[in-house]
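Architecture and fold: a report
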Amino acid sequence: MQRFSNPSMVIPILAVLVVAGCTTSHQATARNTPPLLDPALVAQGKDIFRGDTFGDEAFWTDVLGMHQVIAAAVDPTTALSVGLKVDAEALPAAVVQGIQNGSISLTDPATTVALLKLNAVVGVKGTVETINGKDTLTRVGTTCALCHSTVDDSFAPGIGKRLDGWANRDLNPGAIIALSPAVPTAAKAVYTSWGKGKYDPRFNQDGLNGPQVIPPAYGLMGVHSITATGDGTDLAYWNRYVAVTQMGGQGSFSDSRTGVNVTNGTTDLVSSKLPALQAYQLSLAAPPAPAGSYDIPAAARGKAVFEGAGKCASCHAGPLYTDANLTLHAPSEVVSEPEPNGAPSYASRSATKKYRTAPLAGLWQHAPYFHNGSAATLDAVVETYDTRKSLGLTAAQKADLVQYLKSL
């Protein structure tokens with residue numbers, strides 16, 4: 001059963017991408033022709049990704065009491081400050097005008113309730129009922145989109161059109177969890193230590209603290225080892241893990257390799273939705289690098305470094321830039337350990353005890369890097385590899401390699 005002593009939150013879809021260090025002896029990734037995706041199944045999965053809580057209101061409302069916290073203390077300004085996003089396309093014209101002219105207050109929790117009633121808060125699902133003539137938030141839950149969608153800021157910072165699959169690196173999950181009066185003081189200290197864009201999807205199972213960066217959920221077609229440690233061979237494995245053990249959805253998850261065995265409720269609201277959810281996620285392509293965001297001639301030179309002196313292509317192989325479908329790597333092979341702040345090895349807390357090589361498509365979009373976010377920039381990534389792998393790259397080669405990585 002889920003342990004209430006360390007209430008946890010979502011990091012839906014999959015665990016953390018890791019730009020793992022690797023040796024030069026591995027083969028290029030085997031490629032299988034990806035299956036055609038059923039458009040109807042993809043559309044169904046989109047609805048699940050954006051709006052299905054799997055019944056996790058039983059956790060967020062009945063256990064954590066977050067509906068009361070939101071109604072009393074979370075105005076839109078506060079919500080945006082902890083990384084919550086607003087879907088501008090869900091806002092009626094009158095609301096847009098009210099925000100623009102200031103007639104709608106962004107410092108009143110009632111406005112947050114109104115936004116939830118409009119289903120405009122990305123990844124948060126609220127039930128709003130009229131009680132004694134007042135709109136009242138009676139239940140609240142979370143969806144996959146909370147961590148794995150953001151917006152394009154086209155209306156204002158934090159307000160815009162949805163970008164599904166993009167990691168919400170502005171989100172501060174720990175700070176949100178810590179708002180609950182049901183969370184013990186010791187656990188609050190752990191949650192508030194994580195910071196923006198990080199989450200530990202094992203903490204409420206093993207009691208250890210080693211936050212990981214929230215990963216994107218795009219560019220996964222054809223990648224079988226979809227978590228940082230390759231625990232599952234498809235997205236459905238990790239979707240079930242997150243839906244049940246992290247979101248608090250109604251259903252079951254069990255894996256003897258990690259000793260996790262959690263059942264919530266008596267009705268399975270997860271299993272039937274996994275095929276469609278996976279189809280939608282697999283339909284999400286990695287975003288191309290924006291025009292003008294990298295130096296084209298330098299990137300061309302950097303590609304030669306990637307495939308040659310940098311030895312990157314020995315593991316980041318083939319069109320998916322990963323050998324994860326063939327092999328996993330021991331912690332001794334990667335450059336992302338030891339973990340920051342003396343945290344335990346993330347691999348040691350996994351089913352495989354190893355790391356997969358991260359796919360690199362869309363790499364420009366989701367800093368910081370490595371599974372634990374220990375490299376703030378791509379320059380830092382290249383410098384780390386050069387130092388720890390004794391590559392001996394020149395300053396020019398490193399600069400060109402960074403431009404190539406920005407182009408992916």
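The coordinates are above.
What you see is a predicted model; the values in this text were computed from it and never measured. (Residues numbered from 1 in each chain as written. Predicted model: local features only at pLDDT ≥ 70, side-chain atom pairs only at ≥ 80, totals over all residues. Heavy atoms only, no water.)

Some thoughts on the packing of aromatic side chains
According to the stated counting rule, one finds 14 aromatic pairs in the structure shown. Consider the rings of F59 and W60, whose centres lie 5.4 Å apart with planes at 75°: the pair is edge-to-face. Of the two residues examined, F59 and W60, each falls in the buried class. (Phe/Tyr/Trp six-rings, centres within 6.5 Å; stacked < 30°, edge-to-face > 60°. Buried < 20%, exposed > 50% of the residue type's maximum accessible area, 1.4 Å probe, protein only.)

So, empty space enclosed by the protein
In total, this model carries three cavities of 30 Å³ or more according to the counting rule given. Each pocket or cavity is described by its volume, and for the second largest cavity that value is around 50 Å³. In terms of lining, the second largest cavity is formed by P76, L80, V86, L91, I99, L106, L115 and I159. (1 Å grid on protein atoms, 1.4 Å probe; cavity = no way out; pocket = protein on both sides within 12 Å on 5 of 7 lines; lining within 4 Å. Points joined across faces, edges and corners; volume = space filled by probe spheres on them.)

Description of unusual backbone geometry
Between E337 and P338 the backbone carries a cis peptide bond, its omega angle lying at 5°. Along the polypeptide, P338 turns up in the loop between α13 (296-307) and α14 (378-388). In this chain, A367 is followed by P368 through a cis amide linkage whose omega measures 5°. Assignment of secondary structure puts P368 in the loop between α13 and α14. For K311, which is not a glycine, the phi torsion comes out positive at approximately 60°. For K311, the location among the structural elements is in the loop between α13 and α14. Even without a glycine there, the phi angle at N341 is positive, about 60°. (Helix = DSSP H or I, 4+ residues; strand = E, 2+ residues; numbered from the N terminus.)

A word on the side chain of T227
Here T227 lies in the loop between β8 (212-213) and α11 (235-246). Among the polar contacts listed, one links the side chain of T227 to the backbone nitrogen of G230, at a separation of 2.9 Å. Of the polar contacts made by the side chain of T227, one reaches the backbone nitrogen of D231; its length is 3.0 Å. (Polar contact = N/O pair within 3.5 Å; in protein donor to acceptor, adjacent residues only side chain to side chain.)

Concerning the nonpolar core
By size, the foremost hydrophobic cluster in this structure holds 39 residues, and its most contacted members are M66, L84, L91, V124, L171, Y191 and W194. Tallying contributions element by element places helix α9 (residues 185-194) first for this core, with four residues. Every residue in contact with L91, bar those within four places of it in the chain, is listed here: V86, V96, I99, L115, L118, A120 and I159. L220, Y241, F253 and A276 belong to the second-largest nonpolar core, a separate cluster that totals 33 residues. (Core = buried A, V, L, I, M, F, W, Y, C linked by side-chain atoms within 4.5 Å. Contact = heavy atoms within 4.5 Å.)

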